[in-house]
Amino acid sequence: MKEGKQAAPERRSLPQVDKILRHPLVDAAASRIRRDILAELTRRRLESYRKNLARGDSSSIPDLDALAASIVADAEALLAGGVRRILNGTGVILNTNLGRAPISPAVVERIAKILPGYCSLEIDLDTGKRGERTAVLQELLSLLTGCQAAIVVNNNAAAVMLAVSALAHGKEVIVSRGELIEIGGSFRLPDVIVSAGGLLREVGTTNRTRADDYRKAIGDSTGLILKCHRSNFAISGFTEETSLADLVKISSETGIPVIEDLGSGALIDLSVVGLKEEPTVSSVLQSGADLVLFSGDKLLGGLQAGIVAGKSAFVDQLRRHPIYRALRADKLVIAILEGVVAQYLQPMPEKSVPLLTMASLAASDIERRAQAVAQRLHPQLKAMRVGVAPVQSAFGGGTLPTELLPSFAVQLSSDAHSSEKLVKILRASEPPVVPIVNDGKVLIDLRTIQIEEESLLIDVLLTLDERLQSDR
């Protein structure tokens, strides 16, 4: 018999959709998810097995019970959602893949009171008329940075796009070659400028750009001078860059607005938490920039957003631009940002903003925590060893590229199981734990494990050890 005809009985051996839907496991799941959705999930699962059979692979075809269980698992995964709580053991504080900055419990509690009902997003409760959605956030930022006005859009790239489109559409945007940055996901500043309708005008060289380079480039077609803070890389050696103060002087001479894309968006002097000096939003505005653009989820410690702050005349131009309607932030983003920014009104925001708290932790304190976790685990572990190792934490998220923070990690190893297996099980745990691997050792940096998460981590590691024992 030909091979092509041998596959037909195997295809027919796959159960019908109705039969699977009548299986007790799938039938019980119908109380949690619609039956037509379960039917579609079943069809998709069966189609994947048919493709395997067409390739001559029948070894992976499960029996009816296993097939029903896999379909229920698919349904449960959809109900659980793709965004889940993670224990970040990487030591990267602003880990982009893990959602960057965590939000403090106080802000989360505030949001939990707002979201179940309606909210005062765009109503002036004094007059009953329509209000401005960023009015309170603007007041907070005015107090903290000295800005006259502020708006919020989806992210910082959107802020750049809006600024260029509103102020320099069809005109040249002057940028130093040494500041033509690329951010995560291969998004490049030149592409953002061009997409917004600006004409990129590069000046200077990669390592040296002087004030005269900007002056010589200004002409009738100039619309904007854009300075970009290199928050995700550093240039050292034979370098020179034009200060913002010099660009503001050129702006006053020519009438060309000057904007700084600060990116990282520090609201306080980071030296108070033992970090190197980073330009703050207030210092940029005090230097005379017309607008400053920065992220909400970097050094500010909030969530994804692009904030535009500066002089009222320019902010109002952006607010009136049609693109603002497409890019502006919604009630959730604004409410969370209000809560995060309000924490900076406190005398010691590093005690309440999780990003700053993590950054300011002393290595000796982290070592004591790691030793305590290891001591609790050691008597109970049978399939792996636990210890403590020194590591280096980082900021990540395109900020402070040269800043490394000494830290300590819980170290896991096993003679019978590979580090790859330990990591795979950790990522499949509940909650998932994302560690780092160095020289065959699995490391969980406690700088990015919050104190209230330690009990969860210990439970996960005990479950990991049980799993390893059963796999022997």
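Here, every reference points to the structure presented above.
All of these numbers come straight from a predicted model, not from anything done at the bench. (Residues numbered from 1 in each chain as written. Predicted model: local features only at pLDDT ≥ 70, side-chain atom pairs only at ≥ 80, totals over all residues. Heavy atoms only, no water.)

Participant: Residues and numbers for the overall build of the protein chain, please.
Facilitator: Summing up its helical and strand segments, the protein chain has 19 helices and 15 strands in all. Referenced to the eigenvectors of the C-alpha coordinate spread, the extents of the protein chain come out at roughly 85 × 55 × 55 Å. Burial analysis of the protein chain (472 residues in total) assigns 47% to the buried set. Restricting the contact set of the protein chain to residue pairs at least 6 apart, pairs at least 24 apart contribute 74%. When the accessible surface of the protein chain is split by element, carbon and sulfur atoms take 51% of a total near 23,400 Å². Both charge centroids of the protein chain, one from 55 positive and one from 56 negative side chains, sit 6 Å from each other. (Helix = DSSP H or I, 4+ residues; strand = E, 2+ residues; numbered from the N terminus. Buried < 20%, exposed > 50% of the residue type's maximum accessible area, 1.4 Å probe, protein only. Contact = heavy atoms within 4.5 Å. Areas by Shrake-Rupley, 256 points an atom, 1.4 Å probe, with all protein chains shown as cover. Lys, Arg positive; Asp, Glu negative; His and termini not counted. Charge placed at Lys NZ, Arg CZ, Asp CG, Glu CD.)

Participant: For the sheet that holds strand β12 (residues 404-413), give the residues involved together with the corresponding values.
Facilitator: In space, the 4 strands of this open sheet follow the order β11-β12-β15-β14, with antiparallel pairing throughout. Either end of the sheet is taken by a strand with one partner, and the two such strands are β11 (385-394) and β14 (436-438). Averaged over all neighbouring strand pairs, the angle between strand axes comes to 40 degrees, with direction disregarded. Relative to β12, β11 is paired through 10 bridges, and the arrangement is antiparallel. Each bridged residue has a counterpart across the sheet, and for Gln-392 the counterpart in β12 is Pro-406. (Pairing = 2+ DSSP bridges. Axes fitted to C-alpha atoms, helices over the stretch in contact; angles between N-to-C directions.)

As far as function goes, none of this settles anything; it's purely spatial.
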